[in-house]
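# Close look at the chain arrangement
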Amino acid sequence: MPYKNRFHIPLKDIKPEGKSYLVDDPSIWEDPIKEFDMDCRLQGSPEMDVTVIPMDEGWLVRGRLKASVIVPCSRCTADTVIDLDTPFEDYAQRPDEGEDVAGSEFGEGDDHLLFEHGALLLDLCAIAWEQFALALPQTPLCKASCKGLCARCGADLNQGPCSCPKDEGDPRLAVLRGLKVEKS
């Protein structure tokens with residue numbers, strides 16, 4: 001029975017020892033990057049190796065995501081290559097008997113489970129995207145010592161100092177600049 005997506009895995013077909021899959025279609029990551037207007041680009045093709053193992057009340061999903069992404073440095077905005085190599089574990093909870101499966105997805109259940117053609121499916125695309133989004137650094141840096149951009153003229157301070165006059169601080173506090181405090 002054909003399913004809409006080759007990465008929608010029928011859970012009834014998974015043997016007790018589990019089954020491994022390779023998720024390597026670049027559109028799984030490229031489409032959401034475009035949809036969410038994210039400031040990043042893929043370098044090469046990401047891959048997710050995943051093993052699904054049946055458990056008493058659901059399925060253990062264990063794998064590793066590998067990707068190379070180009071993002072702007074959070075300090076100087078230079079293109080920065082980030083190599084992701086992230087192991088993960090997730091758990092897909094089996095829906096309760098009689099749980100409403102209105103439409104094709106479970107309303108209150110696991111976001112990774114689908115119901116299609118009378119079969120319960122695991123959406124590996126959703127897992128791949130979620131793991132990718134979680135693996136991206138919140139504040140990527142081109143290097144740990146990045147000096148960033150000048151707040152006045154926008155010059156890249158990694159290239160050298162800018163020609164802006166040195167900030168003397170708030171003139172109302174000038175009288176306190178010469179204040180010396182002795183420790184007792």
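Computed from a predicted structure; not experimentally measured.

Time to look at the overall build of the protein. The secondary structure content of the protein amounts to two helices and eight strands. Ordering the α and β elements of the protein from the N terminus gives β-β-α-β-β-β-β-β-β-α. Here the C-alpha radius of gyration of the protein, 25 Å, is well above what a compact globule of 184 residues would show, namely 16 Å. Summarising its shape, the C-alpha atoms of the protein cover approximately 80 × 45 × 30 Å along the three principal directions. For the protein, with 184 residues in total, the buried portion stands at 34%. Considering only residue pairs separated by 6 or more positions, the protein has 55% of its internal contacts joining residues 24 or more positions apart. Of the roughly 12,200 Å² that the protein leaves accessible, carbon and sulfur atoms contribute 50%. Looking at the protein, you have 20 positive and 34 negative side-chain charges, and the mean spots of the two groups are 13 Å apart.

The next point concerns the pattern of salt bridges. In the structure shown here, the tally under the stated rule is five salt bridges. The shortest N-O distance in the salt bridge between aspartate 79 and arginine 41 comes to 3.0 Å. Taken together, the residues span a long stretch of sequence, with aspartate 79 in strand E6 (residues 79-93) and arginine 41 in strand E3 (residues 41-42) at a distance of 38 residues. For aspartate 79, a relative accessible area of 52% gives the class exposed. When its relative accessible area of 43% is taken as the criterion, arginine 41 is described as partly exposed.

Rules used throughout
Residues numbered from 1 in each chain as written. Predicted model: local features only at pLDDT ≥ 70, side-chain atom pairs only at ≥ 80, totals over all residues. Heavy atoms only, no water. Helix = DSSP H or I, 4+ residues; strand = E, 2+ residues; numbered from the N terminus. Rg over C-alpha atoms; globule rule 2.2 N^0.38 Å. Buried < 20%, exposed > 50% of the residue type's maximum accessible area, 1.4 Å probe, protein only. Contact = heavy atoms within 4.5 Å. Areas by Shrake-Rupley, 256 points an atom, 1.4 Å probe, with all protein chains shown as cover. Lys, Arg positive; Asp, Glu negative; His and termini not counted. Charge placed at Lys NZ, Arg CZ, Asp CG, Glu CD. Salt bridge = Lys/Arg side-chain N within 4 Å of Asp/Glu carboxyl O.

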